[in-house]
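One-letter residues, chain by chain:
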Amino acid sequence: MDTPRLLETLSRLGAELGRSTAVFLEVRAIDSAERTGFAASELPAALELAARLPHLRLRGLMVM
């Protein structure tokens with residue numbers, strides 16, 4: 001998962017289906033406009049959001 005919006009959408013769909021999904025957060029190792037994922041400075045807020053969303057199970061980080 002690489003954006004807050006995507007995390008929220010997946011959790012909402014999980015609620016509709018009565019399921020939860022294991023996710024990894026994508027983190028940019030190098031701050032570049034060409035790369036997707038959360039910047040290191042955004043990671044604390046992304047982790048907090050993922051932990052709050054009821055239909056997601058945070059499994060780890062994926063560093064790109």
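Residues numbered from 1 in each chain as written. Predicted model: local features only at pLDDT ≥ 70, side-chain atom pairs only at ≥ 80, totals over all residues. Heavy atoms only, no water.

### Details of the pairing of strand S1 (residues 21-27)
The side chains of a regular strand alternate between the sheet's two faces. Spelled out, the test is: Being paired, for any two strands, means DSSP has found at least two bridges between them. Working definition: helices are DSSP H or I runs of at least four residues, strands are E runs of at least two. Numbering for both runs from the N terminus. Seen with its strands pointing away from the viewer, a crossover is right-handed when the path leading from the first strand over the helix to the second is clockwise.
Relative to strand S2 (residues 56-63), S1 runs parallel, the two sharing 7 bridges. In the sheet register, Val27 faces S2, and the bridge partner there is Val63. Crossover handedness for the path S1 to helix H2 (residues 43-52) to S2: right-handed.

### Looking at the pattern of salt bridges
Let me state the cut-off plainly: Salt bridges are defined by distance alone: a side-chain nitrogen of Lys or Arg within 4 Å of a carboxyl oxygen of Asp or Glu. When accessible area is computed with a 1.4 Å probe and restricted to protein chains, residues below 20% of their type maximum are described as buried, those above 50% as exposed, and intermediate ones as partly exposed.
The full count for this structure, using the stated rule, is 1 salt bridge. Between Glu16 and Arg12 there is a salt bridge, with its nearest N and O atoms 3.0 Å apart. Taken together, the positions of Glu16 and Arg12, both in helix H1 (residues 4-17) and 4 residues apart, correspond to about one turn of that helix. Residue class for Glu16 comes out exposed when judged on its relative accessible area of 58%.

### Regarding the nonpolar core
How we decide: Residues belong to a common nonpolar core when they are buried Ala, Val, Leu, Ile, Met, Phe, Trp, Tyr or Cys residues joined through side-chain atoms within 4.5 Å. Contacts: residue pairs with any heavy atoms within 4.5 Å of one another.
Counting residues in each nonpolar core, the largest one holds 10 residues, listed as Leu7, Val23, Leu25, Val27, Phe38, Leu43, Ala46, Leu49, Leu53 and Leu56. When contributions to this core are tallied by element, the ones reaching two or more residues are S1 and H2. The contact partners of Leu49, leaving out residues within four places of it in the chain, are Pro4, Leu7 and Glu8.

### Description of the environment of Ser41
Structurally, Ser41 is set in the loop between S1 and H2. Judged by its relative accessible area of 67%, Ser41 is exposed. Taking the C-alpha atoms as reference points, Ser41 and Arg12, separated by 29 residues in sequence, lie 26 Å from one another.

### Description of the confidence of the model for the protein
We count it as follows: pLDDT expresses how confident the predictor is about each individual residue, on a scale running from 0 to 100.
On average, residues of the protein score 94 in pLDDT, and 100% of them reach the 70 mark or higher. At the level of individual helices and strands, the protein shows its lowest average pLDDT in S2, which scores 95, and its highest in H1, which scores 97.

### A word on H2
Spelled out, the test is: Directions from the helix axis toward the C-beta atoms define the arc.
Those residues of H2 not exposed but buried are Leu43, Ala46, Leu49 and Ala50. With its buried residues spanning 125° around the axis, H2 presents them on a single face. Those residues of H2 that are exposed and aimed more than 90 degrees away from the buried face are Pro44, Ala45, Glu48, Ala51 and Arg52. Among the structural elements, H1, S1 and S2 are those in contact with the buried residues of H2.

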